[in-house]
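Each chain, written out:
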Amino acid sequence: MYYWFILIVSGLLELSFSFCMGKFSHAVGSSKLWWLLALVDSMVLSLSAIAKALKGIPLGTAYPVWMGIGAVGTVLIDILFFKEPVSFGRLFFISTLIISIIGLKMVSE
């Protein structure tokens, strides 16, 4: 259970990375540097956390879960913070990703 917690934290740090990337792309002046530093920090922390999670979860399970958290979360961040459009198709495929992540958790040891 500990390694799953670390994997989820790593996925949330991946979301932080995505959010910072979005803010960085729209920033101007000195705030651009701060968003870049936050982006790099999030990336390093996320990769460090997934490396730790891989000590207790197989790569074939951990990596898709990590990427799924990042993919689903990034779409939601785009919708909530960067005003991307919401459509049935986007919500449908986000739902299938979530179901797949839950399924991987259920079938892994």
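One can find the structure itself at the top, above this paragraph.
Note that the structure is a prediction, hence the values are computed from the model and not measured.

> Honestly, the packing of helix α2 (residues 30-53) against helix α3 (residues 59-81) in this entry has me stumped. Any pointers?
For any two helices packed against each other, one specifies the inter-axial angle together with the distance between the axes. Where α2 meets α3, the closest approach of the two axes is 11 Å, and the angle between their N-to-C directions is 150 degrees. When the axes of α2 and α3 are compared, the pair comes out roughly antiparallel. When the axes of α2 and α3 are compared, the crossing they make is right-handed. When α2 is examined against α3, the residues Ser46, Leu47 and Ile50 are found in contact with a partner set consisting of Ala62, Tyr63 and Trp66.

> Please clarify how unusual backbone geometry should be interpreted in this entry.
With phi around 60 degrees, lysine 83 is a residue other than glycine that occupies positive phi space. Examined against the element boundaries, lysine 83 turns out to sit in the loop between α3 and α4 (88-107). Exposure remark for lysine 83: the relative accessible area of 68% places this residue in the exposed category.

> Sorry, what's going on with the environment of tyrosine 63 here?
Along the chain, tyrosine 63 falls in helix α3. We classify tyrosine 63 as partly exposed; its relative accessible area is 42%. Put simply, tyrosine 63 and glycine 11 are 52 residues apart on the chain and 9.8 Å apart in space, counted from C-alpha to C-alpha.

> Help me understand α3, please; the structure alone is not making it clear to me.
The terminal C-alpha atoms of α3 lie 31 Å apart, and with 23 residues this matches the ideal 33 Å at 1.5 Å per residue to within 8%. For α3, the complete set of buried residues consists of Thr61, Ala62, Val65, Trp66, Gly68, Ile69, Gly70, Val72, Gly73, Ile77 and Ile79. Residues of α3 that are buried in the fold lie against α1 (2-26), α2 and α4. Phi for lysine 83, located one or two positions after α3, is positive at around 60 degrees.

> Just to check I follow, could you spell out the side chain of threonine 61 for this structure?
Within the fold, threonine 61 resides in helix α3. In contact with threonine 61, not counting residues within four places along its chain, are Trp4, Leu104 and Ser108.

> Can you help me understand the nonpolar core in this one?
General note: in soluble globular proteins, nonpolar side chains tend to be found buried as a group. With 12 residues, the main nonpolar core is built from Trp4, Ile6, Leu7, Ala49, Ile50, Ala53, Ile57, Ala62, Val65, Trp66, Ile69 and Ile101. Contributing elements (two or more residues each) for this core: α1, α2 and α3. Looking at this core element by element, the count peaks at 4 residues for α3.

Cut-offs and rules
Residue positions are given per chain, counted from 1 along the sequence in the order it is written. Two thresholds apply to this predicted model, a pLDDT of at least 70 for residue-level local features and 80 or more for giving and counting side-chain atom pairs, whereas whole-chain, interface and lining totals are computed over all residues. Computation of side-chain values covers all heavy atoms of the structure but excludes hydrogens and water. Angles shown run from 0 to 180 degrees and are taken between the N-to-C directions of axes, each axis being a line fitted to C-alpha atoms and, for helices, limited to the stretch in contact. Counting from the N terminus, the helices are DSSP H or I runs at least four residues long and the strands are E runs at least two residues long. Any angle that is under 35 degrees is reported as roughly parallel, and any over 145 degrees as roughly antiparallel; angles of 65 to 115 degrees are reported as roughly perpendicular and all others as oblique. Helix crossings are classified by the rotation of the near helix relative to the far one: an anticlockwise turn of less than a right angle makes the crossing left-handed, while a clockwise turn makes it right-handed. Two residues qualify as a contact provided that any one of their heavy atoms is within 4.5 Å of a heavy atom in the partner residue. The cut-offs for exposure are 20% and 50% of the maximum accessible area for each residue type, with area from a 1.4 Å probe on protein chains only; residues under the lower value are buried, those over the upper are exposed, and the others partly exposed. For a helix, the expected span equals 1.5 Å multiplied by the number of residues minus one. We define the nonpolar core as a collection of buried residues of types Ala, Val, Leu, Ile, Met, Phe, Trp, Tyr and Cys that are connected through side-chain atoms lying within 4.5 Å of one another.

None of the figures reported here should be taken as evidence of function without further support.
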